[in-house]
Amino acid sequence: MSAVSDRLPTFPWDKLEPYKKTAAAHPDGIVDLSVGTPVDPVPEPIQKALIAAADSPGYPTVWGTPELRDALTRWTEHRLGARGVTHHHVLPIVGSKELVAWLPTQLGLGPGDKVAFPRLAYPTYEVGARLARAEHVAYDDPTELDPTGLKLLWLNSPSNPTGRVLSKEELTRTVAWAREHGVLVFSDECYIELGWEADPVSVLHPDVNGGSYDGIVSVHSLSKRSNLAGYRAAFLAGDPAVLGPLLQIRKHGGMMTSAPTQAAVVAALGDDEHVRVQRERYAARRTALREALLGHGLRIEHSEASLYLWATRDESCWTTVAHLADRGILVAPGDFYGPAGENFVRVALTATDERVRAAVTRLAV
């Protein structure tokens, strides 16, 4: 066991505990804007679908029910503009973090293989490479990477942590480059329905991929758009030549989404209204927090999409974390997402309206 754990970096969130204690000591309590976990209720139709499927004594299938696969194909075409999507183009997964962490291993990558991800990125991309004993490399522009030994290229748009959105032109150029060099592209698009100042585009869109899904897979999650983080509900869509073998591997590994969760996902993807309502909640919180942070002297970069504001006081991120913790506000230090974030903090929009108002009041002082 130690041989595996020794490959991994220190779990970053443990380093935030002292600042969490400071923020929690505020007379009016902590405003936790660090992790980004949903706080609003699971929409009622989704809860009802879960309850209706509660009597599920048998094993679920890894590939999901036909109803689930129908829902996934419909959504990718309706929401992402994908064309010609069949059941063989989709695969349910047990939350997106599980997939990110174990994908290099499931792809058979190892020593000598390289996994690439953005310079500022979700830490689990690196964890996945380390678990597989593969090399990892961070990039600013993926088309400037050395393709030698590069087997997996992670894209992330909208970005966690920065909220940056890759343009259609950037995606098209990257997909073409990856195909030219035989590099598999996985595009993490878990925040694609949360564009504010930009309209995020999927690699599944024909304007990006030329009508072919060869060598590309997109990753989607219901955690944020439907408040289903506790359900562990996500899915892949893209190249059947990649998803077919992954399905077989995941069958052997028993990586099954629970039957009630599968039913809940069908309900969630079939209803656009709850997504609209949740977007409005986040939009209002974003406006309030953005104005308060700017008024407090922070500068915000990117942040045109996703559930975060990428902010800086042009100082060490830990100095900013401490400054805000003294005011009862907990945020994530930017260096959690790579050395390039050392002067930034990530501020999540995932707090109740009451807690957001409390943060705004504290930042005004």
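The preceding data block contains the structure.
Keep in mind that this is a model prediction, so the values were computed, not measured.

### Some details on the sheet that holds strand S4 (residues 135-139)
The strand order S2-S8-S7-S6-S5-S3-S4 describes an open sheet built from seven strands, whose pairing is mixed. With partners counted over all chains shown, the strands left at the sheet margins are strand S2 (90-93) and S4, one partner each. Ignoring which end each strand starts from, the neighbouring axes of this sheet average 20° apart. Across five bridges, the pairing between strand S7 (residues 216-221) and strand S8 (residues 234-238) is antiparallel. Considered in S8, the bridge of serine 221 is made with alanine 234.

### Focus on the pairing of strand S10 (residues 308-312)
Within S10, five of the five residues are buried, which leaves the element mostly enclosed by the surrounding structure. Burial along S10 is two-sided: the residues Tyr308, Trp310 and Thr312 and Leu309 and Ala311 are all buried. Relative to S10, strand S9 (residues 299-301) runs antiparallel, the two sharing three bridges. Looking across to S10, one finds that isoleucine 300 is bridged to alanine 311. As consecutive antiparallel partners, S9 and S10 are separated by six residues, and within that stretch histidine 302 has a phi angle of approximately 55°, a positive value. As paired strands, S10 and strand S13 (residues 345-348) are joined by four bridges and run antiparallel to one another. Each residue of the ladder has a partner; that of tyrosine 308, found in S13, is alanine 348.

### Describing the layout of surface pockets
By volume, the largest pocket is sized at about 1,200 Å³. Trp13, Lys97, Tyr122, Pro123 and Thr124 are the residues nearest the centre of the largest pocket, which is lined by 45 residues in total. At the level of elements, helix H5 (96-106), strand S3 (114-118), helix H6 (124-131) and S4 are the ones that each hand at least two residues to the lining of the largest pocket. At five residues, the largest contribution of residues to the lining of the largest pocket is made by H6. Here the lining of the largest pocket is built from residues that sort into 25 nonpolar, 11 polar and nine charged. What the second largest pocket holds in volume is close to 370 Å³. If you go around the second largest pocket, you meet 18 residues; those closest to its centre are Pro118, Tyr139, Asp140, Arg164 and Leu166. Elements that contribute at least two residues to the lining of the second largest pocket include exactly strand S5 (150-156) and helix H7 (168-180). Counting residues per element, the lining of the second largest pocket draws most heavily on H7, which supplies three residues. Class assignment for the residues of the lining of the second largest pocket results in seven nonpolar, five polar and six charged.

### Structural notes on helix H9 (residues 240-253)
For H9, which comprises 14 residues, the first-to-last C-alpha distance of 19 Å matches the rise-based estimate of 20 Å (1.5 Å per residue) to within 8%. Those residues of H9 that sit buried are Val242, Leu243, Leu246, Leu247 and Arg250. Around the axis of H9, the buried residues are gathered within 130° of arc, so they sit on the same side. Projecting away from the buried face of H9 at angles above 90 degrees are the exposed residues Ala241 and His252. Buried positions along H9 lie against S2, H5, strand S6 (184-188), S7 and S8. The N-cap of H9, judged by a side-chain oxygen 2.9 Å from the amide nitrogen of alanine 241 a few residues on, is aspartate 239.

### Topic: the packing of aromatic side chains
Taken as a whole, this structure holds 12 aromatic pairs when the rule is applied. Ring centres of tryptophan 310 and tyrosine 337 lie 6.5 Å apart, and the angle between their planes is 80°; this geometry places the pair in the edge-to-face category. Here tryptophan 310, found in strand S10, pairs with tyrosine 337, found in the loop between strand S12 (332-333) and S13; they are 27 residues apart in sequence, far enough to count as distant. Side by side, tryptophan 310 and tyrosine 337 carry an identical accessibility label, which is buried.

Analysis parameters
- The residue numbers shown here count from 1 along each chain, following its written sequence.
- Selection of residues for local features in this predicted model requires a pLDDT of at least 70, selection of side-chain atom pairs for listing and counting requires 80 or more, and totals for whole chains, interfaces and linings are taken over all residues.
- Side-chain numbers here rest on the full set of heavy atoms in the structure, without hydrogens or water.
- A pair of strands is treated as paired once DSSP finds two or more bridges between them.
- Put simply, DSSP H or I for four residues or longer makes a helix, DSSP E for two residues or longer makes a strand, and each gets a number counted from the N terminus.
- Geometry is summarised by axes, namely lines fitted to C-alpha atoms with helices restricted to the contacting stretch, and by angles between N-to-C directions that run from 0 to 180 degrees.
- We call a residue buried when its accessible area falls under 20% of the maximum for its residue type, exposed when it is over 50%, and partly exposed in between, using a 1.4 Å probe and counting protein chains only.
- Put plainly, a pocket is an open set of points on a 1 Å grid over the protein atoms alone with protein on both sides within 12 Å along at least five of seven lines, a cavity is a set where a 1.4 Å probe fits but cannot get out, and a lining residue has an atom within 4 Å of a point.
- Grid points are joined across faces, edges and corners, and a volume is the space filled by probe spheres set on the points.
- Residue classes follow a fixed rule: Ala, Val, Leu, Ile, Met, Phe, Trp, Tyr, Cys and Pro count as nonpolar, while Asp, Glu, Lys and Arg count as charged, and any other residue, Gly among them, counts as polar.
- To estimate the expected span of a helix, count its residues, drop one, and scale the result by 1.5 Å.
- Throughout, the arc means the angular range of directions from the helix axis out to the C-beta atoms.
- Note on definitions: a residue-residue contact is assigned when non-hydrogen atoms from the two residues lie within 4.5 Å.
- For this analysis, a polar contact is any N or O atom pair within 3.5 Å, provided that within protein one partner can donate a hydrogen and the other can accept it, and provided that sequence-adjacent residues contribute only side-chain to side-chain pairs.
- Two aromatic rings, drawn from Phe, Tyr or Trp (for Trp, its six-membered ring), form a pair once their centres lie within 6.5 Å of each other, and the interplanar angle then sorts them: stacked below 30 degrees, edge-to-face above 60, tilted otherwise.

Worth remembering: the numbers are spatial, not functional.
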